[in-house]
Amino acid sequence: MNTDPGDRDARRPPGGLEAAILTALREAGRSLTPGQVRDLVAPEGGLSYSAVVTTLTRLHKKQAVTRRREGRSHRYGALVDPADLVAQRMTALLQGESDRSGVLRRFVDDLAEEDEALLRRLLDDD
C-alpha cells in the first residue's frame, strides 16, 4: 500500500480499511490478533500496527467485531460482513436527514442502471 498522502489513487476509499479487516477476519474463520490482521490485509507491508488497532477498536465500538483479551493484547473476530457496515452507515446518514424522500430520490437517480434494476428487484422481493 502506498502511504504517500499526495497519491490519492493509491489510497483506500472511505471505509476501505474497515472492509478489508472484516473480510480478513471472516475469511480466517477464527479470532486474530492485530498483527495477524495486518499481515493478512497488507502482506507487503505499508500498513501500521497502530492503524489496524485503531480500526479494530472502532469496529468493536460499532459492534462489528468481538474482542477478547489475550495476555497484553486482544483477539478479534468478525460479527458482520463489510456490506452490513456500509448499510449501517447509509442508514445512519439517512436517519440524520429531514428530507428523506429527497435524499432517496437523488440516491436512486445517481445509481447506475444495473444498480437501480437490482434495487428494484430487491424491493419487489419483499
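Anything mentioned here points back to the structure above.
Residues numbered from 1 in each chain as written. Predicted model: local features only at pLDDT ≥ 70, side-chain atom pairs only at ≥ 80, totals over all residues. Heavy atoms only, no water.

Visitor: Which parts of the structure should I look at to understand the overall build of the protein?
Guide: What the protein contains, in helices and strands, is six helices and two strands. In sequence order, the protein lays out its α and β elements as α-α-α-β-β-α-α-α. Here the protein has a C-alpha radius of gyration of 18 Å; the compact-globule value for 126 residues is 14 Å, and the former is much larger. Total accessible area on the protein is roughly 8,900 Å²; 49% of this is exposed by carbon and sulfur atoms. Put simply, the protein has 20 plus and 21 minus side-chain charges, and the middle of one group is 12 Å from the middle of the other. (Helix = DSSP H or I, 4+ residues; strand = E, 2+ residues; numbered from the N terminus. Rg over C-alpha atoms; globule rule 2.2 N^0.38 Å. Areas by Shrake-Rupley, 256 points an atom, 1.4 Å probe, with all protein chains shown as cover. Lys, Arg positive; Asp, Glu negative; His and termini not counted. Charge placed at Lys NZ, Arg CZ, Asp CG, Glu CD.)

Visitor: Could you clarify how one ought to interpret the environment of serine 50 in this entry?
Guide: By secondary structure assignment, the location of serine 50 is in helix H3 (residues 49–61). When the C-alpha atoms of serine 50 and alanine 64 are compared, they prove to be 19 Å apart, with 14 residues separating the residues in sequence. Polar side-chain contacts of serine 50 include one of 3.3 Å to the side chain of serine 48. (Polar contact = N/O pair within 3.5 Å; in protein donor to acceptor, adjacent residues only side chain to side chain.)

Visitor: Please clarify how the side chain of serine 31 should be interpreted in this entry.
Guide: Take serine 31: it is sitting in the loop between helix H1 (16–28) and helix H2 (34–41). One polar contact links serine 31 to arginine 68, side chain to side chain, over a distance of 3.1 Å. Residues within four places of serine 31 in sequence aside, it is in contact with Gln36, Arg68, Arg75, Tyr76 and Gly77. (Contact = heavy atoms within 4.5 Å.)

Visitor: When you look at the nonpolar core in this model, what are you seeing that I'm missing?
Guide: Where a protein is soluble and globular, its nonpolar side chains tend to be buried together. Within the largest apolar cluster, 18 residues are counted, with the highest numbers of intra-cluster contacts made by Ile21, Leu22, Leu25, Val37, Val41, Leu56 and Leu59. Setting aside anything within four residues of it in sequence, one finds leucine 25 in contact with Arg30, Leu32, Val37, Leu56, Val65, Tyr76, Gly77 and Ala78. (Core = buried A, V, L, I, M, F, W, Y, C linked by side-chain atoms within 4.5 Å. Buried < 20%, exposed > 50% of the residue type's maximum accessible area, 1.4 Å probe, protein only.)

Visitor: Can you walk me through the pattern of salt bridges in this structure?
Guide: Where side chains of opposite charge bring their charged atoms close, a pairing between them can arise. Counted by the stated rule, this structure contains six salt bridges. Between arginine 89 and glutamate 18 there is a salt bridge whose closest N-O contact spans 3.3 Å. Here arginine 89 is found in helix H4 (residues 82–95), whereas its partner glutamate 18 is found in helix H1, with 71 residues between them in sequence. Residue arginine 89 is classed as partly exposed on the basis of its relative accessible area of 31%. A residue is classified by how much of its surface remains accessible, and glutamate 18, at 10% relative accessible area, is buried. When the shortest N-O distance is used, the salt bridge between arginine 68 and glutamate 70 registers 3.6 Å. Classification of arginine 68 as partly exposed rests on a relative accessible area of 44%. On the accessibility criterion, glutamate 70 (38% relative accessible area) is partly exposed. Salt bridges linked by common partners bring Glu18, Lys62 and Arg89 together as one network. (Salt bridge = Lys/Arg side-chain N within 4 Å of Asp/Glu carboxyl O.)

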